[in-house]
Amino acid sequence: MTLKFGVVGTGTLGREHIQRITNAISGGEIVAVTDINQEAAKKAVDQLGIEAKVYENDLSLIQDEHVDAVMVTSWGPAHKPTVLAAIEAGKYVFCEKPLATTADGCTSIVEAEIRSERRLVQVGFMRRYDSGYVQMKEAIESNDIGRPLMIHCAHRNPVVSETYTTDMAITDTLIHEIDVLHWLIRDDYQSVRVAFPKKTTHALKHLRDPQLVTLETKGGIVIDVEIFVNCQYGYDIQCEVIGEEGIIRLPEVSSIVMRKEARLGTNILTDWKDRFLDAYNQELQDFVDSIKETGEPRGPSAWDGYIAAVTADACVRAQKSGEKEAVILKEKPDFYRKKARKAV
Ligand code: NAP
């Protein structure tokens, strides 16, 4: 069986995912696309050489009987109505982060999915599919380093555009650490705090950069994440878990080691698309395979989208208050507890 996708939003990531499904993974096919800019959708179909119907809007695409799964790659505020309409129509959904821009929006998606009585939604938190994080999780779950006590992370981009704002350091950047870290240690966040170190002269006037976020979990693990989006030198993701018996570190991206002119060096990537290329492929392959095998996606769930939204809201509050802010999550519905046993 081939899982037939309809894509809503043919911008940067929509086009990347169309190419992945068409050329890099197996078992999926793009049969329909739409974009608020119809010309952009038509251009994507022509340029990417796919045979897909171009729809006027998301609702008509969702109603196409040939569409099994809706890929949501429009901009964040448009995600919620598309996801709700897809659930209502009984279609699978692969939704890029954010699932919705507010915790209430995520809650309404969670409630709609529970009403549908089966898991339909996967959120595009691709780091869970990165081989480095997967190896770290295996080491933690095998008790190789004993109980994790604290985690040090960094999320650095060479530079950001002038449209990037201080809160986006949380909602667009930290959001990936928020998801992957609670998955890594199987713990929930309890509180967050944000500090602003000395500002880099490379940041535009409106942007506070770097930032240092501290997250505390219910189990007492303290996590610090440096976000530095004008670091100049490259796209660099670091993660080190300190355990009672040992320490594990996210592997560096593989690169040749060069000795030249009295220096020893390796390359550092500059583009997030390259850093997580394999993880993006793996997450889509798993979406397709799990639906084929079990009738439900097993990757990051709508509940994970809700956790990310609530935690990000607390971080944005902490940016403004300078205080420790509580992360208050609703109780996890049984629906997701049962499903979590099967999940990656
Ligand atoms: P983008 O290049 O701006 O593409 C978004 C596209 O969706 C644009 O063509 C936009 O049209 C269109 N659009 C906006 N509202 C729409 C609607 N209501 N219906 C249909 N199309 C609509 O953005 P992007 O970088 O591809 O990001 C897309 C999503 O992926 C975002 O949610 C982003 O946060 C997420 N993302 C995730 C990752 C990751 O690592 N997982 C990385 C990057 C982005 P206009 O340009 O005309 O507005």
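Here we summarise the structure given alongside this text. (Residues numbered from 1 in each chain as written. Predicted model: local features only at pLDDT ≥ 70, side-chain atom pairs only at ≥ 80, totals over all residues. Heavy atoms only, no water.)

**Points about the sheet that holds strand 2 (residues 28–34)**
Our working rule: Two strands qualify as a pair provided DSSP detects at least 2 bridges between them. Only DSSP runs of H or I covering at least 4 residues are called helices, and only runs of E covering at least 2 are called strands; the numbering of each starts at the N terminus. In this analysis an axis means a line fitted to C-alpha atoms, helices contributing only their contacting stretch, and an angle means the value between N-to-C directions, from 0 to 180 degrees. Contacts between residues were defined by any pair of non-hydrogen atoms, one from each residue, lying within 4.5 Å.
Pairing is parallel across the open sheet formed by six strands, whose spatial order is 3-2-1-4-5-6. Each having just a single partner strand, strand 3 (53–55) and strand 6 (121–123) make up the two edges of the open sheet. In this sheet, adjacent strand axes meet at a mean angle of 25° when their direction is disregarded. The pairing of strand 5 (residues 92–95) with strand 6 spans three bridges and is classified as parallel. Directly across from V93, in strand 6, lies its bridge partner V121. Set on the sheet, helix 1 (residues 12–24) makes contact with strand 1 (3–8), strand 2, strand 4 (69–72) and strand 5; between it and strand 2 the angle comes to about 150°.

**Examining the site of the ligand**
Note the threshold: Whether a residue is near a molecule or strand depends on its heavy atoms: if one lies within 4 Å, it is near. Two N or O atoms count as a polar contact when they lie within 3.5 Å, although within protein this holds only if one can serve as hydrogen donor and the other as acceptor, and sequence-adjacent residues are included solely when both atoms are side-chain atoms. Reported accessibility uses the Shrake-Rupley method at a 1.4 Å probe radius. Residues are deemed covered only where the shown protein chains occlude them. Residue polarity follows a fixed list, in which Ala, Val, Leu, Ile, Met, Phe, Trp, Tyr, Cys and Pro are nonpolar, Asp, Glu, Lys and Arg are charged, and the others, Gly among them, are polar.
Taken together, 22 residues sit near the ligand, with L13, D35, E96, K97 and Y280 positioned nearest. The separation between an oxygen atom of the ligand and a polar main-chain atom of T12 is 3.0 Å. Interatomic distance of 3.4 Å between a backbone N/O atom of G124 and a nitrogen atom of the ligand. With the chains in place, 73% of the 900 Å² that the ligand exposes on its own is no longer accessible. Its residues placed into classes, the shell around the ligand shows nine nonpolar, ten polar and three charged.

**A closer look at the state of the cysteines**
In plain terms, the rule: The definition used for a disulfide is geometric: two cysteine sulfur atoms within 2.5 Å. Only protein chains enter the area calculation, which uses a 1.4 Å probe; residues under 20% of their type maximum are buried, those over 50% are exposed, and those in between are partly exposed.
The final tally for this structure, using the stated rule, is zero disulfides. With no disulfide of its own, C106 lies closest to C95 among cysteine sulfurs, the gap being 8.7 Å. Judged by its relative accessible area of 0%, C106 is buried. Looking at C239, it has no disulfide partner, and the nearest cysteine sulfur is the one in C153, 3.8 Å off.

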